[in-house]
Amino acid sequence: MAVDFGCIADDFTGATDIAGILARTGATVNLRIGVPDATDQLATDDTAAFEVIALKSRTAPVDEAIAQTTQALAWLQQQGAQRFFWKYCSTFDSTADGNIGSVSLALMKQLGTDRTLYCPAFPENGRSVYMGYLYVGQQLLNESPMQHHPLTPMRDANLARLLAPQIAAVDAAETVGNLLLSDIRQGVAAVTQRLQHYQATGVRHIIADAIEADDLSVIAEATHDWPLLTGGSAIAMYLPALYARAGLTQHSSQSAAPEVPGAGQIVLSGSCSSMTRQQVAAYRSHATSIDVDPLVLARDESELPRLISTLQSIPPESPKLIVASADPEQVKHVQSELGVEAAGTLVESALSALAAAAFDTGVRRFVVAGGETSGAVTAQLGVDRLRIGPEIAPGVPWTYTRVKGESVALALKSGNFGQPDFFHKALTQLESH
Ligand code: ADP
C-alpha cells in the first residue's frame, strides 16, 4: 500500500499519541519503532496510508537528531508519502540548541519546501497558544511544572524566542513569524492571505496561535496541502478528512482489521506517576499481583527467577498485575541505594523478562504503564511495528503486532495518561472486539 502521510515523532509515547489521534478518524495507521530498514521487504510490503515513525531524538545531540529524522523522512519518501508531519511535545520540549527548529529546517531542506508551520497547541489537553505565548492550563509555560523538567526545562513561554535561536544556529538568515488568533478567527481566507504575505516576504517559520479546537480546524484547512507541518498531535486530527476531501489520498479502503489475539492477559506497571499508582491501586482487586522490589532484585539474583516462576504458576487467562510502581519517597530511597540510572534499568529489564515469560506461557494481551517501560518491553518482545487500533483513553490506543508469528495486542501508556480504571477498561474493551 502506498503511504499518503508520513509522521516522525521525537519520542515513543508522542508517536503513540499522534498515531491514536490519526486512527480516531478511521485512517489505517502503522507505528514503527526507529527508522525502518530500507532493505526490509516485509516492512515495505506492510505499509499503511498513515505511517508514524517513533524516534528517541528529543534530547539527542542536534546532529544526531537531524541524522535520525532525515533518515526517517527518506524512508517515508521512498514509500511514496507526499506530506509529512514532525511531531514534538505540545509543551515544545526542547533545549537551547534544538531539536525542534534545527530538525524542522533540515526536513524543509530535504523536502525542498520554503515554509513550515509550528502548531503545538492541544486545547483538549490544556495547551494553548495566544499572541505567540504557550500556556499550560492557566499558566504560562515557564510558570508551569515544565520549568523544572529534568531534561528540557522550559524557561520561556514565547515560542518565537525559543525557536529563533534553534534555527539561527543552523542558518542565521531564517526568520520566524506569528499567525495570530485575530487572523484565525476571521477564517481560512484571512489565514491564507497572512500566510501568502509571509511567503512573499521570506518568513519561512510560522508559529500558530490556537486556543480552541475550531482554531486548529481553520489552521489545518489553510495549510493541509503544505509538504511539511510540525507541532503537537492535535492539529493532525483534521488532516485525514482534509486529504480525503482534496483528493490527496491514493486509496480510501481500510485494510483488514487485525486478528484479535488469544485471551491470556497481563498488566505490567513500571511508571511511578501519580495516575499510574492510582490505576494500580484500582486494579489490584481485579487481579493477582506480583510486586517487584528493586532492592531485593539488586541483592538477590534468585529473585527474578522466583518472580518468573510465580508468574508461570498463574494461568495465562487469569488477570495478572506486575507492579514496580512506587511512591516518590520509595523511589528516592531506591535511587539513593542503587543510583538513578541503575535502578531504572534494573526494573525495566525485570519487567521485560516477566513480559517475555508471560508471552511464553500464552499471554497475548499486554497493558504496559510507563514510557521507558513500554520501550523496554517492546524491545524485549522484538516488536518494531504496531498497527494502531481503537483508543482506550485520549492518547492511548490498543495496538496490534506479531511476536514470533503470534498475534499480540499491546496497550502502551505513558505515566499520566488514562483514568484510574484504565487497566480494567483497556482489557474489557479488547474483549468486546
Ligand atoms: P513514565 O511514563 O511515568 O515516565 P517510565 O516507564 O518512562 O514511566 O519511567 C519510570 C522509570 O522508573 C523506569 O525507568 C522504571 O524502571 C523506574 N522504576 C519503576 N519502579 C521503580 C521503583 N520502585 N524504584 C525505582 N525506579 C523505578
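Residues numbered from 1 in each chain as written. Predicted model: local features only at pLDDT ≥ 70, side-chain atom pairs only at ≥ 80, totals over all residues. Heavy atoms only, no water.

## Considering the site of the ligand
1) Next: Residues in contact with the ligand amount to 16 residues; listed here are only the nearest, Ser-271, Glu-348, Gly-371, Glu-372 and Thr-373.
2) Next: Between the ligand and Ser-271 there is a distance of 2.6 Å, counted from an oxygen atom to a side-chain nitrogen or oxygen.
3) Next: In this structure, an oxygen atom belonging to the ligand sits 3.0 Å away from a main-chain N or O atom of Gly-344.
4) Next: Coverage of the ligand by the protein amounts to 82% of the 570 Å² it exposes when considered alone.
5) Next: Secondary-structure elements contributing two or more residues to the shell around the ligand are α14 (340–360) and α15 (371–381). (Near = heavy atom within 4 Å. Polar contact = N/O pair within 3.5 Å; in protein donor to acceptor, adjacent residues only side chain to side chain. Areas by Shrake-Rupley, 256 points an atom, 1.4 Å probe, with all protein chains shown as cover. Helix = DSSP H or I, 4+ residues; strand = E, 2+ residues; numbered from the N terminus.)

## So, the environment of Ala-222
1) Next: Checked against the element boundaries, Ala-222 lands in helix α8 (residues 213–223).
2) Next: Classification of Ala-222 as buried rests on a relative accessible area of 11%.
3) Next: Spatially, the C-alpha atom of Ala-222 lies 19 Å from that of Met-131, the residues being 91 residues apart in sequence.
4) Next: Ignoring anything within four residues of it in the chain, the contact list for Ala-222 reads Val-188, Val-191, Thr-192 and Leu-195. (Buried < 20%, exposed > 50% of the residue type's maximum accessible area, 1.4 Å probe, protein only. Contact = heavy atoms within 4.5 Å.)

## Overview of the domain arrangement of the protein chain
1) Next: Considered domain by domain, the protein chain is made up of domain 1 (5–245) and domain 2 (264–431).
2) Next: Each of domain 1 and domain 2 was reduced to a C-alpha centroid, and the two centroids are 30 Å apart.
3) Next: Contact residues are listed per partner, giving 22 residues for domain 1 and 17 residues for domain 2.
4) Next: Of the roughly 1,600 Å² buried between domain 1 and domain 2, counting both surfaces, carbon and sulfur atoms make up 55%.
5) Next: Among the residues domain 1 hides against domain 2, the three largest losses belong to Phe-12, Thr-13 and Ile-33. Together they make up 28% of the total.
6) Next: The interface formed by domain 1 and domain 2 includes 4 salt bridges. (Domains from an automatic or database assignment. Buried area = accessible area lost by both parts, 1.4 Å probe. Salt bridge = Lys/Arg side-chain N within 4 Å of Asp/Glu carboxyl O.)

## Some thoughts on the environment of Gln-166
1) Next: Mapped onto the secondary structure, Gln-166 falls in helix α5 (residues 159–168).
2) Next: For the pair formed by Gln-166 and Gly-101, sequence separation is 65 residues and the distance between their alpha carbons is 5.1 Å.
3) Next: Residues within four places of Gln-166 in sequence aside, it is in contact with Ser-94, Thr-95, Ala-96, Asp-97, Gly-98, Asn-99, Ile-100, Gly-101 and Ser-102.
4) Next: Of note is the side chain of Gln-166, whose polar atom sits 2.8 Å from the backbone nitrogen of Gly-101.

## Points about the packing of aromatic side chains
1) Next: Using the criterion set out here, one finds 7 aromatic pairs in the structure.
2) Next: Between Tyr-88 and Phe-92 the ring centres are 5.4 Å apart and the planes differ by 80°, which places this aromatic pair in the edge-to-face class. Like Phe-92, Tyr-88 is buried.
3) Next: Ring geometry for Phe-422 versus Phe-423: centroids 6.2 Å apart, planes at 75°, classification edge-to-face. Phe-423 carries the same exposure label as Phe-422, and that label is buried.
4) Next: Through pairs of rings, three or more aromatic residues link up here, namely Phe-5, Phe-50, Phe-85 and Tyr-243.
5) Next: One Lys or Arg, Arg-83, reaches over the ring of Tyr-243 and ends 5.4 Å from the middle of that ring.
6) Next: Arg-364 extends its terminal NZ or CZ atom over the ring of Phe-359, reaching a point 4.1 Å from the ring centre. (Phe/Tyr/Trp six-rings, centres within 6.5 Å; stacked < 30°, edge-to-face > 60°. Lys NZ or Arg CZ within 6 Å of the ring centre and 35° of its normal.)

## As for the side chain of Asp-209
1) Next: Position of Asp-209 relative to the elements: it lies in the loop between β10 (205–208) and α8.
2) Next: Buried charge Asp-209 goes without a salt bridge, the closest partner of opposite sign being Arg-185 at 9.1 Å.
3) Next: Reaching out from Asp-209, the side chain makes a polar contact with the backbone nitrogen of Gly-132 at a distance of 2.9 Å.
4) Next: Once residues within four sequence positions are removed from consideration, Asp-209 is found in contact with Val-129, Tyr-130, Met-131, Gly-132, Leu-179, Leu-180, Leu-181, Ile-184 and Ile-219. (Lys, Arg positive; Asp, Glu negative; His and termini not counted.)

## Thoughts on the pattern of salt bridges
1) Next: Going through the model one piece at a time under the given rule, you end up with 19 salt bridges.
2) Next: We note a salt bridge from Arg-58 to Asp-93, for which the minimum N-O separation is 3.6 Å. Placement of Arg-58 in the loop between β3 (50–54) and α3 (62–78) and of Asp-93 in the loop between β4 (83–87) and α4 (100–111) is noted, with a sequence separation of 35 residues between them.
3) Next: With its nearest N and O atoms 3.0 Å apart, the salt bridge here joins Glu-303 to Arg-306. Taken together, the residues span about one helical turn, with Glu-303 and Arg-306 both in helix α12 (residues 303–312) at a distance of 3 residues.
4) Next: Residues joined in a network through salt bridges with shared partners are Asp-10, Asp-11, Arg-58 and Asp-93.

## Looking at the sheet that holds strand β8 (residues 139–140)
1) Next: Reading across from one edge, β6-β7-β8 is the order of the 3 strands in this open sheet, with antiparallel pairing throughout. Lying at the two open borders of the sheet, with one neighbouring strand each, are β6 (127–130) and β8. (Pairing = 2+ DSSP bridges.)

## A few points about the packing of α3 against α4
1) Next: For the pair α3 and α4, the least separation of the axes is 9 Å and the interaxial angle reads 35°. With respect to the hand of their crossing, α3 and α4 are arranged in right-handed fashion. Residue-level inspection shows Val-62, Ala-65, Ile-66, Thr-69, Thr-70, Leu-73, Ala-74 and Gln-77 of α3 in contact with α4, the latter providing Ser-102, Val-103, Ala-106, Leu-107, Gln-110 and Leu-111.
2) Next: Its residues placed into classes, the contact of α3 with α4 shows 9 nonpolar, 5 polar and no charged. (Axes fitted to C-alpha atoms, helices over the stretch in contact; angles between N-to-C directions. Left-handed = near helix turned anticlockwise from the far one by under 90°. Nonpolar A, V, L, I, M, F, W, Y, C, P; charged D, E, K, R; others polar.)

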